[in-house]
Structure formats: C-alpha cells, structure tokens
Amino acid sequence: MTLTWSKSDQPKHPQARDIKRNCGQLLGRLDELLPCLYIAQYGASAHDLRERETQTTQGLFAVGARTGGDRPGVAPRVGLLLPLSLCRDEKARASLLEIPALIENHQSSMSDRRRAVQAKLDEAFGGDLRIEDKEGLDGFFALQPGPGLFRRLHESFDYVTEVLDNPAGLVRITGSSRFDWRSYGELMEWYHGLRGSDRFGTWSALTPFFVCGNTGALHSYSTERWARSGLGRPAEEPARWFVLRPGLADAQLGIRLEMGEYGWAKLHLTLDDATATIHLSEVFDPFLELLAWGREIDEGDLPVEMEIDEEGQEAVLTVLRTDDPQRVLLRVTRKYESTILLEGVVARATLAAALKAELIRFFTAAFDPQHWDLRGDPDDIEDDHLHIKDTVLNHPWLATADGANGPSSQVSEAP
C-alpha cells in the first residue's frame, strides 16, 4: 500500500533522543546505513510501522520511498537492510559505492546513466542483479535478482539487526548479522514462516532495492491514533451465576512497576506464586488508562477492563464482580488469544490501594523521563504525554490522603 505523507505529518521539533529498536520504522536520518541493498516487500502494515522490539523478526525494518506527483507521499516497504559498509568483498563494495555519483551525474542522459549503473552492478554481482526495466534512478530503485544473487549476499554481506534510532538525528547501527540465506526460496520461507501469508493466502514477493537516498518516514504512525482505546465494560458477569467457594482465601497480591530504557517500562502483577509481566511502551502510553482503571476499581464501578499495547501483542486487564461486593476476580489475558496469564480473587480495596501506592512510588522515586518521553513536540501544550509524571502525580485519584499508605502497605511486591 502507499500511504500519504505531507509536511504537516512531521513533528515540528522531533526530540533528539535515542530509541533502541530491532524492527519497525526508522525515523532518524539513514546516513550510516546508506548506500545499501534493501531486500523488502512493497507496502507495510500499521504493525510493521509501529513495532520497535521483537524476539522473532529482528532486522525487519520499515523504510519509505518518497513519491512525487501532485500529492507527494511515502510508499513504505519492510525488509532487511544490507549496508555496503558491511560488505566483506572489497571489489564488490568499491563498485557499488560508485553508483550514487553515477546517479547524480545529470550531465549524461538517463540511458547512459542506466548503462553505467548496470555496469557497476555487473562488476559486483556478475550479472546476478539488474535494474528493473521501468525503474528510474532516483536513489531508491528496484532491481531484478538472478539465480546467484543470494549466494553472493550470503558470502559477502551482513544485514542490520539492531539500531539506536534518533528521530531528530541519526540512525546508528548497534547490531548486525551475516546474511543467512543462500537462495531466494530460503529467504521467502524464513520471512513468511514468521509473518504468514496475506488474506488471499499468498506470499508477498521480496524485491532487492538499491537505496542511496529519496527516503521518507511516516511519523503519524507513532502518534496517538494507534494508541490506547480506553476502558471497556466486559459483558461477563460471573456473580449472576456463581458464588465464591466457602473458605476461599484472597490471593496474595503484588504490583510492581519497573523502569526500563528507550521508552519501555514493565508492569509485574503477582497472584500467589504466579507473575504476569506486561511491557509498557512509550509509543502507546498506558498510564492515564491505568489511573482510570484503578479509580473505577476503587469506586466499585465494575466490571471494567483496559488494554495495554505491548507493540506486537496486547494484554487485557479485567476486573469482574463476585457475589461478595468487597471481593473481585482479577484476570490478565492476551487479546485475540485464549491465554489466561493470571487469574485470582482479591479484595477490591486492596487491589485499588496497591495500584495507587505503586503508581505514587514509581513516579516519585523510579520514573525516568529521559527514557520515556521519546517523541512529540515540546511546544505542544496539549500533549499530556510530554508531562506524564506531573499528570499522574497530580491526578485527583492519587491526590487522596491515603494515596501512599493504607491497605497497600501489607501487600507483597511482585519481583
């Protein structure tokens, strides 16, 4: 798909902050990665653009090619980046590094430039990589692979697996790996084994691109439009049909927030000996919803649930009534999955007080804005996200007299 880009989509003052990522869209300048070969599919999903860290698809980065015409835009791709600087074949690297200057030589005709660029590709790959017939030479153009290309890439090239991405600065390579695939078929099996087929049951083709410029980013995919959906009211009401077993004790509850780096934190929820760890993303800041969720529990306005987007999967935190108005069923699940991460009966007041106390402790003593507020326009006073610490600590629910003590003082902390 092609997604529209315009100047108004860009942050006025993108923050000069490092964002660690091993996948997703690159927002900073690509100077350290260019020129490069880019083995990618045409188009990218919202998930491809907003993801930052993954354990399964490391190295699948989204980069957009700028398009012209009356409505300039960005056509995103997603795939593997092979910087020429990481090429171990000195002869091939030297030949390929001459291509950007040939493209910029506007004193010669387009046909002459195409012949000159093709000659350099032949020197590097022996005829196994050719310019697509209808491609222009604009700094981001498609190539046609021959049968020996992937063997040559396997022998001589590395691809990027991790970067520090600075939206107001440079993307810096912090990890790379050898190009593992000896054939197009091997690469396709790996790629679609991780990602699956499209809705028609087919595999998207992977195309080699030569990239030395003409790139663009879709910053709007890191904004609130993909973030939280607010609180929900689940239809489930177990108290209509069931009563708690006589003698059932409340589960021992633990709530712990942990500060991470590069826009990440963790929420650890423990019931007795079981702990669910939920990753909190700065891109999809959950703290305002977490406050609202806790307040609803405190006031007994149930049932209530909230979703936390972990950039790749979503956790659902649900609190349901039981036949005892002072006790609730707390459940943590994965959205779209039949997986229960945590479930147990706890005292409603204890749950609310523990969450309140932990939010106060975390934002008073542990929260690090240098590792959280990674995006946005500092001049935009309407963006609560940029002032999340003050917003949380000044929230009316936390400002109550018993905010830092009370029942929560007897609740165990999660590890």
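Overview of the structure.

Basis of the calculations
- Position numbers for residues start from 1 in each chain and track the written sequence from start to end.
- In view of the model being predicted, local features appear only for residues whose pLDDT reaches at least 70, and side-chain atom pairs are presented and counted only at 80 or more, with totals across whole chains, interfaces and linings using the full set of residues.
- The basis for every side-chain value is the complete set of heavy atoms in the structure, and neither hydrogens nor water enter the calculation.
- If DSSP finds at least two bridges between two strands, the strands pair.
- Helix and strand labels come from DSSP, where a helix needs a run of H or I of at least four residues and a strand needs a run of E of at least two; each type is numbered from the N terminus.
- Angles shown run from 0 to 180 degrees and are taken between the N-to-C directions of axes, each axis being a line fitted to C-alpha atoms and, for helices, limited to the stretch in contact.
- By definition in these notes, contact holds between two residues if any of their heavy atoms fall within 4.5 Å.
- Relative accessibility thresholds used throughout: buried, under 20% of the residue-type maximum; exposed, over 50%; partly exposed, between the two (1.4 Å probe, protein chains only).
- Grid points spaced at 1 Å and placed over the protein atoms alone form the basis of the search, with a cavity being a set where a 1.4 Å probe fits but cannot get out and a pocket an open set showing protein on both sides within 12 Å along at least five of seven lines. Lining residues have an atom within 4 Å of a point.
- Grid points are joined across faces, edges and corners, and a volume is the space filled by probe spheres set on the points.
- For this classification, the nonpolar set comprises Ala, Val, Leu, Ile, Met, Phe, Trp, Tyr, Cys and Pro, the charged set comprises Asp, Glu, Lys and Arg, and every other residue, Gly included, is treated as polar.

Observations regarding the sheet that holds strand 14 (residues 253-259)
Within the open sheet, the 3 strands sit side by side as 14-15-16. Their pairing is antiparallel. Every interior strand has two partners, whereas the edge strands, strand 14 and strand 16 (274-281), have only one. Direction aside, neighbouring strands of the sheet carry axes that sit 15 degrees apart on average. In terms of strand pairing, strand 14 meets strand 15 (residues 264-271) through 7 bridges, oriented antiparallel. Bridging across to strand 15, Arg 256 finds its partner in His 268. Lying over the sheet, helix 8 (residues 348-366) contacts strand 14 and strand 15, oriented at roughly 20 degrees with respect to strand 14.

So, the pairing of strand 6 (residues 73-83)
Most of strand 6 is tucked away: 11 of the 11 residues are buried. Pairing geometry for strand 4 (residues 36-42) and strand 6, over 7 bridges, is antiparallel. Bridge pairing in strand 6 links Tyr 42 to Arg 77. The sheet contact formed by strand 5 (residues 61-67) and strand 6 spans 7 bridges and is antiparallel. The residue of strand 6 that forms the bridge with Arg 66 is Val 74.

Regarding empty space enclosed by the protein
The full count for this structure, using the stated rule, is 1 cavity of 30 Å³ or more. Volume-wise, the largest cavity comes out at about 40 Å³. Lining of the largest cavity is provided by Ile 255, Leu 267, Leu 269, Leu 290, Trp 293, Leu 317, Leu 330, Leu 351 and Leu 355. Elements with a minimum of two residues in the lining of the largest cavity: strand 15, helix 7 (287-299) and helix 8. Classifying every residue of the lining of the largest cavity gives 9 nonpolar, no polar and no charged.

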